[in-house]
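What follows is each chain in one-letter form.
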Amino acid sequence: MQKAFDKKKFLSQNSIWLVLIVLVIVMSIAQPSFFSVSNLLTLLSGEAVKGIMAFGVMFAILSKGIDLTIGASAALVACITASLVQPSDYANAILPGVGTLPAPLVILIGLLLGAGIGAIYGAIIAYTKIPPFIATLGAQLICRASAKMYTNRPVSNLSDDFRFLGSAKIGTFPIIIIVFFVMFAISAFLLTQTRFGKNVYAIGGNDQAARVAGINVEKNLILVYVWCSLCAAIAGMLLAGRAGSADPANSGLNYELDAIAAATVGGTSHTGGICRVSGVLAGILILGVINNGLVMLKVDDNMTNIVKGVIIVGSVVLDMRKNAKRA
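Parameters and conventions
- Residues numbered from 1 in each chain as written.
- Predicted model: local features only at pLDDT ≥ 70, side-chain atom pairs only at ≥ 80, totals over all residues.
- Heavy atoms only, no water.
- Core = buried A, V, L, I, M, F, W, Y, C linked by side-chain atoms within 4.5 Å.
- Buried < 20%, exposed > 50% of the residue type's maximum accessible area, 1.4 Å probe, protein only.
- 1 Å grid on protein atoms, 1.4 Å probe; cavity = no way out; pocket = protein on both sides within 12 Å on 5 of 7 lines; lining within 4 Å.
- Points joined across faces, edges and corners; volume = space filled by probe spheres on them.
- Helix = DSSP H or I, 4+ residues; strand = E, 2+ residues; numbered from the N terminus.
- Nonpolar A, V, L, I, M, F, W, Y, C, P; charged D, E, K, R; others polar.
- Axes fitted to C-alpha atoms, helices over the stretch in contact; angles between N-to-C directions.
- Parallel < 35°, antiparallel > 145°, perpendicular 65-115°, else oblique.
- Contact = heavy atoms within 4.5 Å.
- Patch = residues over 30% accessible without salt bridge, like charges linked within 9 Å, V, L, I, M, F, W, Y side chains within 5 Å.
- Areas by Shrake-Rupley, 256 points an atom, 1.4 Å probe, with all protein chains shown as cover.
- Salt bridge = Lys/Arg side-chain N within 4 Å of Asp/Glu carboxyl O.
- Disulfide = S-S within 2.5 Å.
- Phe/Tyr/Trp six-rings, centres within 6.5 Å; stacked < 30°, edge-to-face > 60°.

### A word on the nonpolar core
Piece 1. Counting 90 residues, the largest nonpolar core has Ile52, Met58, Phe59, Phe162, Met183 and Val289 as its most contacted members.
Piece 2. Core analysis: the next-biggest nonpolar cluster, separate from the first, contains eight residues, Ile203, Ile215, Val217 and Val226 among them.

### Things to note about the layout of surface pockets
Piece 1. Computed from the structure, the second largest pocket encloses a volume of approximately 440 Å³.
Piece 2. Together, 20 residues line the second largest pocket, and Lys50, Asp258, Asn291, Asn305 and Lys308 are the ones closest to its centre.
Piece 3. Elements represented by at least two residues in the lining of the second largest pocket include exactly helix H2 (37-62), helix H10 (217-243), helix H11 (255-265), helix H12 (277-296) and helix H13 (301-326).
Piece 4. The residue makeup of the lining of the second largest pocket, split by class, is eight nonpolar, six polar and six charged.

### Observations regarding the packing of helix H7 (residues 175-193) against H12
Piece 1. Close contact between H7 and H12 brings their axes to 10 Å; oriented N to C, the two are set at 150 degrees. It follows from the interaxial angle that H7 and H12 lie roughly antiparallel. From H7, Phe180, Phe181, Phe184, Ser187, Ala188 and Leu191 reach across to H12, where they touch Val277, Ser278, Leu281 and Ile284.

### Some words on a nonpolar patch on the surface
Piece 1. Taken together, the side chains of Ile120, Ile124, Ile130, Phe133, Ile134, Leu137 and Leu141 make up a nonpolar region of the molecular surface, amounting to roughly 620 Å² of accessible area.
Piece 2. Mapped onto the nonpolar patch, the elements with two or more residues apiece are helix H4 (103-128) and helix H5 (132-150).
Piece 3. The dominant element in the nonpolar patch, judged by the number of residues it contributes, is H5, at four residues.
Piece 4. Its place among the elements puts isoleucine 120 in helix H4.

### Observations concerning the packing of helix H6 (residues 160-167) against H10
Piece 1. Between H6 and H10, whose axes approach to 7 Å, the crossing angle comes to 100 degrees. Comparing the axis directions of H6 and H10 gives the class roughly perpendicular. Along its contact with H6, which presents Phe162, Arg163, Leu165, Gly166 and Ser167, the element H10 presents Met237, Leu238, Ala240, Gly241, Arg242 and Ala243.
Piece 2. Taken together, the residues that form the contact of H6 with H10 break down as six nonpolar, three polar and two charged.

### Some remarks on the state of the cysteines
Piece 1. For the structure on display, the rule yields zero disulfides.
Piece 2. Counting only cysteine sulfurs, cysteine 143 is the nearest neighbor of cysteine 79, a cysteine outside any disulfide, at a range of 11 Å.
Piece 3. Assessed through its relative accessible area of 0%, cysteine 79 is described here as buried.
Piece 4. Cysteine 228 takes part in no disulfide bond, and the closest cysteine sulfur to it belongs to cysteine 231, at a distance of 6.9 Å.
Piece 5. Residue cysteine 228 is classed as buried on the basis of its relative accessible area of 0%.

### Things to note about empty space enclosed by the protein
Piece 1. Overall, the coordinates contain one cavity of 30 Å³ or more when judged by the stated rule.
Piece 2. Approximately 40 Å³ is the volume found for the largest cavity.
Piece 3. Together, Glu47, Lys50, Gly51, Ala54, Asp258, Ala262, Ile284, Leu287 and Asn291 line the largest cavity.
Piece 4. Elements represented by at least two residues in the lining of the largest cavity include exactly H2, H11 and H12.
Piece 5. Here the lining of the largest cavity takes four residues from H2, the largest share from any one element.
Piece 6. Class assignment for the residues of the lining of the largest cavity results in four nonpolar, two polar and three charged.

### As for the pattern of salt bridges
For side chains bearing opposite charge, pairing can occur when the charged atoms are close.
Piece 1. Under the counting rule described, the total for this entry stands at three salt bridges.
Piece 2. Salt bridges sharing common partners tie together Lys129, Arg211 and Glu218.

### Some thoughts on the packing of aromatic side chains
Piece 1. Tallied over the entire structure, the rule returns six aromatic pairs.
Piece 2. Both rings, one in phenylalanine 55 and one in phenylalanine 180, keep their centres 5.4 Å apart while their planes meet at 25 degrees; by these two values the pair is stacked. With a gap of 125 residues between them, phenylalanine 55 in helix H2 and phenylalanine 180 in helix H7 connect regions that are remote in the sequence. Across the pair, phenylalanine 180 and phenylalanine 55 agree in class, each one buried.
Piece 3. For the ring pair phenylalanine 55 and phenylalanine 184, a centre distance of 5.7 Å and an interplane angle of 45 degrees mean the geometry is tilted.

This is the structure in structure tokens:
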């Protein structure tokens, strides 16, 4: 017997996508060129880096934590890897004499750096029980200061091979968008098809119950922050590749706020245990539509931030009301 269509459940599960559709329609009416292919590609390219960070931080939020480090760790990885792909005879080379290392090797180094950073503060969170907000806030300051100590000036003149993923195109289609959707697919697979993902859900729902069920909470929390930092490292290298440089002071600055906002708007609950990757994708696109649309309408940046702030607070209020009803 065929199950009756549950309209209320459908609207509840897909409300975030309906909001996105309405926003796109409104922006297209207000600014007809908004819905052009070139502008949509620009929108996706601009949100790809923050989006990849959001795919990482949603795991931390799902586990009832947070990660404020991702913007600063992205800058640190970007500066270090960028310095390894500068020509050895470049007058302003950060590491003169080292030469241009192969891009695949440098990307691997960047991933290892990211994983190492995440493992360190992940272990601190897991074994000392320090609140993730405090631990990652401290790690944020350390990473940003380390980037500035590594170089006091932007790292530029990067090899074309390193810049490829961040700035190259297939025809008119930016490769950075492909990387973004690949990271979306990997995140969805990890969250829904692996034991790790199921463990993160369980830890976010009730860490003591997860422990009783035989889940190694500490190990999985470390893996959560390793994944966050890996996403940040990838985002940092893409950011450097797209811009053609890495700036220790400004690369990734405040990107963690947009990443957390996208995950929150996308329905990842700060009370833990609730997350849909498709919702986070919609959250990224919603913030991207707002950013891009208001810029096209020449709205003041401050007003854009006010709109984003209202949406974030509103999302958390709705999330709290949903949880109160479930309780």
